[in-house]
Amino acid sequence: MAQGKPHYFKVKEAAAFLGISLATLRAWDKQKKLKARRDKKNGYRLYKVSQLEEALKMGMKRKYLRTKFV
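Everything quoted here is computed from the prediction, not taken from an experiment.

Caption draft 1: Inspection of the overall build of the protein at higher detail. Helix and strand counts for the protein stand at four helices and three strands. For the protein, the α and β elements follow one another from N to C terminus as β-α-α-β-β-α-α. Among the 70 residues that make up the protein, the fraction classed as buried is 27%. Sequence separation of at least 24 residues holds for 51% of the intrachain contacts in the protein that already meet a minimum separation of 6. A total of about 5400 Å² of accessible surface is found on the protein, and carbon and sulfur atoms cover 54% of it.

Here it is as structure tokens:
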């Protein structure tokens, strides 16, 4: 991972990174397609950047778009 790159994204950042809506990201978390950790101070969902990169490699965005309207 490049130096200076954040290790975790908040929900809005993660959704933008994947090119999906906030609702979709939260649904994927609920369905255990992606797993967020919770910030101990404020309870915010945090997504590990490496997990999001893997999701893109696996084609999660494309798969979602193909199945959404079928």
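Caption draft 2: Main features of helix H3 (residues 49-57). Of the residues making up H3, those classed as buried are Val49, Leu52 and Ala55. On an axial view of H3, the arc spanned by its buried residues comes to 115°, and they lie on one face.

Caption draft 3: Molecular detail of the pairing of strand S3 (residues 45-48). Of the pairings in the sheet, the one linking strand S1 (residues 8-10) to S3 comprises three bridges and is antiparallel in character. Bridging across to S3, Tyr8 finds its partner in Lys48. Note: strand S2 (residues 37-38) against S3, two bridges, orientation antiparallel. Residue pairing in the sheet places Arg38 in a bridge with Arg45 of S3. Turn length for the S2-S3 hairpin, with the two strands adjacent in sequence and antiparallel, is six residues, and the turn residue Gly43 shows positive phi of about 80°.

Caption draft 4: Looking closely at the packing of aromatic side chains. Applying the stated criterion across every chain, the model contains one aromatic pair. Geometrically, the ring pair formed by Phe9 and Phe17 is tilted, given 5.5 Å between the ring centres and 55° between the ring planes. Since its relative accessible area comes to 31%, Phe17 is described here as partly exposed. Taking NZ or CZ as reference, Arg37 lies 5.0 Å from the ring centre of Tyr8, over its face.

So, how was this worked out
Residues numbered from 1 in each chain as written. Predicted model: local features only at pLDDT ≥ 70, side-chain atom pairs only at ≥ 80, totals over all residues. Heavy atoms only, no water. Helix = DSSP H or I, 4+ residues; strand = E, 2+ residues; numbered from the N terminus. Buried < 20%, exposed > 50% of the residue type's maximum accessible area, 1.4 Å probe, protein only. Contact = heavy atoms within 4.5 Å. Areas by Shrake-Rupley, 256 points an atom, 1.4 Å probe, with all protein chains shown as cover. Arc of directions from axis to C-beta. Pairing = 2+ DSSP bridges. Phe/Tyr/Trp six-rings, centres within 6.5 Å; stacked < 30°, edge-to-face > 60°. Lys NZ or Arg CZ within 6 Å of the ring centre and 35° of its normal.

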